[in-house]
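Coordinates in review
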Amino acid sequence: MGFRWRWRRGRGCRRREEGICPRMENLTTLDELRTGEEGLIVKVLGNGAFRQRLLEMGFLPGTRIRVIRYAPLEDPVEYELKGYHVALRHEEAAKVLVEKCPKSS
Amino acid sequence: MSEIVVALAGNPNSGKTTLFNALTGARQKVGNWPGVTVEKKEGELRTNGHLFRIVDLPGTYSLTPYSLEEVIARNFILEEKPHVILNVVDASNLERNLYLTVQLMELGRPMVIALNMIDVAKSRGIYVDAENLSRLLGVPVVPTVGTKGLGMEDLIGVLIEVAEGRRESRPVHLYYGREIEEALSELVDLLEELHLLPAYPRRWLALKLLEGDREVLSRVQREEGAEPLLSRVREISSRLRQIFDESPEALIVEARYGFISGAVREAVRISAISRKTFSERLDDILTHRLLGFPIFIGVMYLLFYLTFKLGAYPVAWLEDLLKFTEESLRGLLPPGLLREVLVEGVLGGVGGVLVYLPNILFLFLGISLFEDTGYLARAAFIMDRVMHSLGLHGKAFIPLLMGFGCNVPAIMATRTMENPRERLLTILINPLMSCSARFPVYILFAGTFFRGHETQVVFGLYALGIIMAAVVARFFGRILVKEEDLPFVLELPPYRLPTLRGLFFHVWDRTRIYLRKMGGVILVASVLLWAFSAFPRTGGRPPELSRSYIGKAGRVLEPVLAPLGFDWRMSVALVTGFVAKEVVVSSLGVLYKAGEQTTQTLEQALQASGLSPAAALAFMVFVLLYVPCVGTLIAIWKETGSLKYPLINVAYQLILAWVMAFLVYRLGLLWLG
Ligand SMILES: Nc1nc2c(ncn2[C@@H]2O[C@H](COP(=O)(O)OP(=O)(O)O)[C@@H](O)[C@H]2O)c(=O)[nH]1
């Protein structure tokens, strides 16, 4: 299989101190990110309505996403992307590939 | 005066309802979209010589065929061809809101954008240049603050100008990139050549074909001579898939967002104040890992306290009023059929439901507060894990919880759920939540036969209801047509201070629907049920309960209920409980005490009747599970828009009640003797 990694021009996880986060070194799934961590969306797996809906909600390659918090029972998880907040369940977040950004100190 | 039809479209939480209310005031009509559970609202607006008919489309994020609401929204625009689309856009969440906008732009109707919540955007340092945005999209953009009514005059003026063609509204064509554009223009030509679906915008059709939109595909398939087009679509899609290693529909989403981020970059200025917003701070507490649950439980407790404790005072006043009316009627009217109809049928039935109106008002007020502040979404966030294990959405929690009070407003509260399938499921299992009307039955039987263990018994009954709800939810979840595997995406909008006006509208809306829907049908139902208990007359006077039609029905049912250990009087009482569950107790009172010395209480009479504890337990289980009361059935009927579902409820609950009561009775005989 081969999916093409797509990147948007000049849209790295830019942090004031660190510049752009290294590519393809911290590939993981969205549900693996902990509270406060950030990542760049690489690809939404799955297909059909599921994938379409996530893409339409802005889960596009190159979009920055941040974990706001886990629900008191661990599931679902609140994320921030494109300036709004949305909660996903683990099973859904597991289908979103992300490139984890290094933690800012 | 010509009518201008305006379709109101926008994302959920964009302020659509607020704008709708601000524009139409109280001149609204609420109903359902034909044949579905989705609510349809229409309102009127008259201003200097113009009559607007504003149709509130369901709030959606997109216009795919995957959800009922989205199909309703786009079909309304395509088929009814409103004069103008009014798209409400949340300025503080512009990018995602514009995703719907660009899709609306493709439907080939004139459009006006209400750039709402500019106050919120400003407070977050987001400045949107409306003129610039308008130029980029080719559509008039009017800044508004729905809650304060700012910008309404401008909006109305622009709507009139656009509807009369005095102002341009020509949505720009998005550029989808060379390959897709080539494909689109080829498909557009083919559509024209083959004369397929000429009533629809061609470019939109071409886009939908590329996206593989199943609704449009099946519509094209039904046309004659569509095969060359369809095979061409398949070729083009697979070619695009090869070139980009991505599905055409995903490419289209990306292109749209590409266009949007371009527009946002040009029209929006952000003066970065990236401090935590007030809303985020509040969420740190309200959805905190440890504090979140206790606070949530406290809030729910407060809701119930408000509903039942504070509501109890006006309820008592209404009861007094009812009693007074009843006595006046008895005094004014001579004994006879008319007095009986009015006092026992109308007052007894309708009045009996109406006295709970204050409770219901408080409940609606609480729910509206949750909705308007944004706490409802947090409640769903906190409870989703639990509800998910039942195959339900987090948002199902509040309607189910309310069911413990009364199933009627609880079923109406499912309106906060967007997914029709999950909503239906929540409605179907709601009567299994043991409403407060069933409580008197438990008190009577548990107090009589399980003295000292009442708490355990009553708790067990509530738990049984919940367990049955879980089982039934799983069962129906399998049967009900499974919708496309839509992800759980729960938007958590920022907390907002509710406005009095907004709250008033919400409560008023719900109450009005409650009264109108309930009023008429309950009147008819209670008079009918009264008639069954008051006929056939014996010498011009009402018969004994056991001789009435309802009593006879109870006797007919006796053999069916005998395996559960119930005698004929219990069967009769169960039949009368169809009016309202608490009636079971008053019927038992009449039936058991008839002919006995009057000093005996109902408890003593029951004990003296030789009923076994096992049968008493089975009876409570039966009352918990058997048919919903008339009011609940009517609510189910009205909310689902179909008689099928109340019938399903009656059928499954009767079967469930019989089987469970039978098991309880037999096992009870073994253990309790
Ligand atoms: N600050 C502010 N709040 C608004 C504005 N418009 C609506 N709201 C609030 O936003 C919330 C959601 O609005 P509502 O009309 O129910 O949104 P809908 O889901 O699109 O129908 C409510 O609490 C409204 O009071 C606005 O322009 N400014």
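A quick note: this is a predicted structure, and the numbers were derived from the prediction, not measured.

Focus on the UniProt feature "binding site: GTP 1" (unreviewed entry) in chain B
Residue and element names in this part refer to chain B.
- Under the UniProt annotation, the feature "binding site: GTP 1" (unreviewed entry) is placed at Gly10, Asn11, Pro12, Asn13, Ser14, Gly15, Lys16 and Thr17.
- Tracing the backbone through its elements, the reader meets Pro12 in the loop between strand S1 (3-10) and helix H1 (16-24).
- Looking at Pro12, the relative accessible area reads 18%, which means it is buried.
- If near-sequence neighbours (up to four positions away) are discounted, Pro12 is found in contact with Gly59, Thr60, Tyr61 and Glu491.

So, empty space enclosed by the protein
Residue and element names in this part refer to chain B.
- This model, assessed by the stated rule, comprises three cavities of 30 Å³ or more.
- Taken as a whole, the second largest cavity spans an internal volume of roughly 40 Å³.
- Leu376, Ala379, Ala380, Gly394, Lys395, Phe397, Ile398 and Thr416 together form the lining of the second largest cavity.
- Counting only elements with at least two residues in the lining of the second largest cavity, the list comes to helix H16 (375-388) and helix H17 (397-403).
- Among the elements that take part in the lining of the second largest cavity, H16 stands out by supplying three residues, more than any other.
- Across the lining of the second largest cavity, the residue classes break down as five nonpolar, two polar and one charged.

Notes on the site of the ligand
Residue and element names in this part refer to chain B.
- Lining the immediate environment of the ligand, one finds 17 residues, of which Asn13, Thr17, Thr18, Asp119 and Asp372 sit closest.
- The separation between an oxygen atom of the ligand and a polar main-chain atom of Asn13 is 2.8 Å.
- Elements represented by at least two residues in the shell around the ligand include exactly H1 and helix H4 (118-123).
- Split by residue class, the shell around the ligand holds four nonpolar, nine polar and four charged.

A closer look at the pattern of salt bridges
- Counted according to the given criterion, the structure contains 40 salt bridges over all chains.
- Where Glu80(A) meets Arg66(A), a salt bridge forms, and the shortest distance between an N and an O atom there is 2.7 Å. Here Glu80(A) is found in strand S4 (residues 77-81), whereas its partner Arg66(A) is found in strand S3 (residues 64-70), with 14 residues between them in sequence.
- Residue Arg53(B) pairs with Glu3(B) through a salt bridge whose shortest N-O separation is 3.6 Å. Residue Arg53(B) is located in strand S4 (residues 50-56), and its partner Glu3(B) is located in strand S1; the two are separated by 50 residues in the primary sequence.
- Exposure remark for Arg53(B): the relative accessible area of 23% places this residue in the partly exposed category.
- Classification of Glu3(B) as partly exposed rests on a relative accessible area of 36%.

Digging into the sheet that holds strand S5 (residues 84-88) of chain A
- Spatial strand order, S1(A)-S6(A)-S2(A)-S3(A)-S4(A)-S5(A)-S10(B): seven strands in an open sheet with antiparallel pairing. Looking at the sheet topology across the chains shown, the edges are occupied by strand S1 (27-29) of chain A together with strand S10 (490-491) of chain B.
- Pairing of S1(A) with strand S6 (residues 96-100) of chain A involves three bridges; the strand directions are antiparallel. By the bridge assignment for S6(A), Thr28(A) is matched with Val98(A).
- Contacting strand S2 (38-44), S5 and S6 of chain A, helix H1 (residues 48-56) of chain A crosses the sheet at an angle of about 140° to S2(A).

With respect to the interface of chain B and chain A
- Taken together, the contacts link 48 residues of chain B with 41 residues of chain A.
- Here chain B meets chain A over a buried area of about 4000 Å², counting both sides, of which 53% is carbon and sulfur.
- Taken together, the links from chain B to chain A amount to seven salt bridges.
- One salt bridge in this structure joins Asp284(B) and Arg69(A), with 2.5 Å as the shortest N-O distance.
- The tally of links from chain B across to chain A stands at 18 residue pairs in polar contact (both at pLDDT 80 or more).
- Going through the elements one at a time, helix H3 (94-105), helix H11 (248-267), helix H12 (278-286), helix H13 (292-332), H16 and S10 of chain B are the ones with two or more residues in the side of chain B that touches chain A.
- Considering each element in turn, the side of chain B that touches chain A owes the most residues, seven residues, to H11(B).
- For the side of chain B that touches chain A, the residue count by class is 19 nonpolar, twelve polar and 17 charged.
- Sheet topology note: the S5(A)/S10(B) ladder contains two bridges and is antiparallel. Within S10(B), the position partnered with Val86(A) by the bridge is Glu491(B).

The rules behind each value
Residues numbered from 1 in each chain as written. Chains lettered and ligands numbered in written order. Predicted model: local features only at pLDDT ≥ 70, side-chain atom pairs only at ≥ 80, totals over all residues. Heavy atoms only, no water. UniProt positions renumbered as here; feature names shortened; annotations may be inferred. Helix = DSSP H or I, 4+ residues; strand = E, 2+ residues; numbered from the N terminus. Buried < 20%, exposed > 50% of the residue type's maximum accessible area, 1.4 Å probe, protein only. Contact = heavy atoms within 4.5 Å. 1 Å grid on protein atoms, 1.4 Å probe; cavity = no way out; pocket = protein on both sides within 12 Å on 5 of 7 lines; lining within 4 Å. Points joined across faces, edges and corners; volume = space filled by probe spheres on them. Nonpolar A, V, L, I, M, F, W, Y, C, P; charged D, E, K, R; others polar. Near = heavy atom within 4 Å. Polar contact = N/O pair within 3.5 Å; in protein donor to acceptor, adjacent residues only side chain to side chain. Salt bridge = Lys/Arg side-chain N within 4 Å of Asp/Glu carboxyl O. Pairing = 2+ DSSP bridges. Axes fitted to C-alpha atoms, helices over the stretch in contact; angles between N-to-C directions. Buried area = accessible area lost by both parts, 1.4 Å probe.

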